[in-house]
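Understanding the architecture of this molecule
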Amino acid sequence: MVRLKDKLAQVLAKQRQELQTILKDGGAKTVDQVTAEQIFAGARGIHSLLCDTSSVPPDKGLIVRGHPIGDLTDLLPEEIFYLLLTGERPGKAELEELRAEFQRRGKTPNYVWSVLDALPDDTHPMCMLNTALLSMQPDSVFARRYEDGMPKDQYWEATLEDALNIIARMPKIAAWIYRKRFKKGPRLDSDPNLDWAANYAHLLGCADMKGGFPKLMRLYMVLHCDHESGNVSAMTAATVNSALSDLYFSLSAGLNGLAGPLHGLANQECLTWLMETMKKHGGVPTVEQITQDAEETIAAKRVVPGYGHAVLRVADPRFTAFVKFGKEHCSDDPVFKTVLNVFEAVPKVLMQHPKIKNPWPNVDAASGSLLAHYGLKEQNYYTVLFAVSRSLGICAQAIIARGLGQPIIRPTSVTTEWLKKACS
Ligand code: CMX
């Protein structure tokens, strides 16, 4: 891992220097304000976290290291991981080295399979993933070296080791969770000729590898890779990481947050909603029928999954990328057609409710229809795919935070009495 490590060492040294200068000259400057509403809403929108891997301007959507996500859809997830970490796309030699590294580290300890075997048959796939991940904590290079007295300036290197091991093992563990949980047959062996995402597609064993499925998996893994650090999963992972918990603890903590229906679990909810409306209308529903269903969902005080966002105020460019893929590969698929009709109907419905700040689709609105097209129809599994991809961003953020020597995260809470006085 010489090339990535050397590059990271340079990048981190430069950024530490830059931050030292910024904080020396302007460290006491007020850069944002807080309202009482923002306090109630869990620090909503307050500029209070440092994250260089990506940003999410409300009017543009995900920008990874300066590149709009729509410009990165042809990259491999390995290239994305390098980009997230260093700010540069890898050259051929760097990419080959990283791919070889993931292959070398892919062997999963046998006890992980035993841990998964011990769980009840109806365990949620996200619980299986996080349990498997946490069970590997005894393998943490960071935890071992910390116990041996590792100096602070080596923290990021040990975290990088943990990240590479985790990312390398993720596809095999996640694919086995699919096969075991949904009774798809025995565990499959990795194919060393395939890239990380295509190998994951192969290990799932649900689709012909000659069709578009490996391409969809690459796209899926790229689109979900990161979304700055203020979202539930990234912020949780960063908080746990800041206590110097190792990456097995911090990543699984973050991914537990991803398992919430307002966050990553929305992709599961989304396909359920689509299938319910299709079942009700006996096929692809019309825009008018969907309009009615969306209104009923809101009247029942439920959310229309896949729509709205805490930050975005435009259609999510990741949704746009999935729709482009769908139009190229499965434009006649009834579920995909329903997605397009929902896109025509739902924003107009949501716009009728002024409290809903963003009526547009987010990343979860289309992905399920594409997965189902290739035979991956068990929607309870979808958040695992999101989690495997998001591990790239969460791991990159954790390594960088260690490399910059960021301290323990510790905002201060206030009481209702304090708020009353402050607002009076
Ligand atoms: N359907 C119905 N109501 C919605 C809505 C939707 N799609 N999106 C927002 N609202 C409602 C909220 O529930 C909230 O209602 P209350 O005031 O009664 O609590 C109100 O509109 C204001 O919400 P907001 O400020 O527009 O949105 P938030 O920042 O509070 O929440 C999000 C953002 C994503 C949780 C919300 O839009 C939502 O629940 N969407 C559906 C679930 C979803 O798709 N989540 C995935 C997001 C992407 C991800 O993180 O993975």
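Residues numbered from 1 in each chain as written. Predicted model: local features only at pLDDT ≥ 70, side-chain atom pairs only at ≥ 80, totals over all residues. Heavy atoms only, no water.

**Quick word on the environment of serine 233**
Looking at the element boundaries, serine 233 is found in helix H11 (residues 232-242). For the pair formed by serine 233 and leucine 271, sequence separation is 38 residues and the distance between their alpha carbons is 22 Å. In this structure serine 233 touches Gly254, Leu258, His263, Arg390 and Ile394, once residues within four positions along its chain are discounted. (Helix = DSSP H or I, 4+ residues; strand = E, 2+ residues; numbered from the N terminus. Contact = heavy atoms within 4.5 Å.)

**Notes on the domain arrangement of the protein**
Parsing the protein into structural domains produces domain 1 (77-260 + 380-403) and domain 2 (266-373). On a C-alpha basis, the centroid separation for the pair domain 1 and domain 2 is 28 Å. In this assembly, 17 residues from domain 1 lie in contact with 18 residues from domain 2. Taking both sides of the interface into account, the surface hidden between domain 1 and domain 2 amounts to around 1500 Å²; carbon and sulfur atoms contribute 67%. Among the residues domain 1 hides against domain 2, the three largest losses belong to Leu216, Leu223 and Tyr382. Together they make up 39% of the total. Between the two partners, domain 1 and domain 2, sit zero salt bridges. Within the residue set of the side of domain 1 that touches domain 2, elements represented by two or more residues are helix H10 (213-223) and helix H18 (382-403). Element by element, the count of residues in the side of domain 1 that touches domain 2 is highest for H10, at six residues. Across the side of domain 1 that touches domain 2, the residue classes break down as eight nonpolar, seven polar and two charged. (Domains from an automatic or database assignment. Buried area = accessible area lost by both parts, 1.4 Å probe. Salt bridge = Lys/Arg side-chain N within 4 Å of Asp/Glu carboxyl O. Nonpolar A, V, L, I, M, F, W, Y, C, P; charged D, E, K, R; others polar.)

**Digging into unusual backbone geometry**
Unlike most non-glycine residues, arginine 65 shows phi in positive territory, near 50 degrees. Mapped onto the secondary structure, arginine 65 falls in the loop between strand S2 (63-64) and strand S3 (67-68). Residues other than glycine seldom take positive phi values, yet lysine 183 does so here, at roughly 50 degrees. With respect to the helices, strands and loops of the structure, lysine 183 is situated in the loop between helix H8 (155-181) and helix H9 (196-204).

**Things to note about the side chain of asparagine 358**
In this structure, asparagine 358 sits in the loop between helix H16 (334-351) and helix H17 (364-373). Overall, the relative accessible area of 2% leaves asparagine 358 in the buried class. (Buried < 20%, exposed > 50% of the residue type's maximum accessible area, 1.4 Å probe, protein only.)

**A short note on the site of the ligand**
The environment of the ligand is formed by 20 residues, the closest being Arg44, His263, Gly306, Tyr307 and Lys357. Contact between the ligand and glycine 306: an oxygen atom at 2.8 Å from a main-chain N or O atom of the residue. Between the ligand and lysine 357, the relevant distance is 2.6 Å, taken from an oxygen atom to a side-chain nitrogen or oxygen of the residue. For the ligand, whose unbound accessible area comes to 890 Å², protein coverage reaches 75%. For the shell around the ligand, a count of residues per class yields nine nonpolar, six polar and five charged. (Near = heavy atom within 4 Å. Polar contact = N/O pair within 3.5 Å; in protein donor to acceptor, adjacent residues only side chain to side chain. Areas by Shrake-Rupley, 256 points an atom, 1.4 Å probe, with all protein chains shown as cover.)

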